[in-house]
Amino acid sequence: MASLAQASTALSTSCKPTLQALSSRVSSLKSVSFSITGKRFPSLSSRPGRLQVSCSAKPETLNKVCDIVKKQLALPDTTAVTAGSKFTELGADSLDTVEIVMGLEEEFGISVEEDSAQTIATVQDAADLIEKLVEKKA
């Protein structure tokens, strides 16, 4: 598993001491996100043999997306849907994904282009795209 210290080279040097301190205290890290005075920074997540950096959507956006995914796929309340949840792993086929995108468009008052819709594989992908489209719309 990649340590946070290894990831620090991709971030500014001002974050490096904090990342090194964190890596010495956390051995089984799955995800980290940074926030300073209300500004969002990239989040880091780790899978075996892979470190991923992605933009982090607002928690309220992620929660709405999770709720819409659960509703569209008729998942029980006990089913865990997180930012890293892949639609296919939740049992969605291509039609289900189209319906999820339509539900997101309706909820957030946005229009998702077909090319963009095809890049959505996870809840995080959807939430990041929504934030981008909402910002562009404003």
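Computed from a predicted structure; not experimentally measured.

1. A look at helix H6 (residues 123-137)
Here comes step 1: Between its terminal C-alpha atoms H6 stretches 21 Å, which fits the 21 Å expected from 15 residues at 1.5 Å a residue.
Here comes step 2: Listed in full, the buried residues belonging to H6 are Val123, Gln124, Ala126, Ala127, Asp128, Leu129, Ile130, Glu131 and Leu133.

2. Observations regarding unusual backbone geometry
Here comes step 1: With a phi angle near 50°, Ala74 is a residue other than glycine that sits in the positive phi range.
Here comes step 2: If you trace the backbone, Ala74 turns up in the loop between helix H3 (59-72) and helix H4 (94-108).

3. Description of the environment of Glu114
Here comes step 1: Tracing the chain through its elements places Glu114 in helix H5 (residues 114-117).
Here comes step 2: Classification of Glu114 as exposed rests on a relative accessible area of 58%.
Here comes step 3: Along the sequence, Glu114 and Val101 sit 13 residues apart, while their C-alpha atoms lie 9.9 Å from each other.

4. Side note on the confidence of the model for the protein chain
Here comes step 1: This prediction gives the protein chain a mean pLDDT of 75; 60% of its residues lie at or above 70.
Here comes step 2: Scored below 50 in pLDDT, residues 1-27 makes 23 contacts in the model with residues more than four places away or belonging to other chains.
Here comes step 3: Scored below 50 in pLDDT, residues 34-39 shows eight contacts in the model against residues more than four places distant or in partner chains.

The rules behind the values
- Residues numbered from 1 in each chain as written.
- Predicted model: local features only at pLDDT ≥ 70, side-chain atom pairs only at ≥ 80, totals over all residues.
- Heavy atoms only, no water.
- Helix = DSSP H or I, 4+ residues; strand = E, 2+ residues; numbered from the N terminus.
- Expected span 1.5 Å × (residues − 1).
- Buried < 20%, exposed > 50% of the residue type's maximum accessible area, 1.4 Å probe, protein only.
- pLDDT = per-residue confidence, 0-100.
- Contact = heavy atoms within 4.5 Å.

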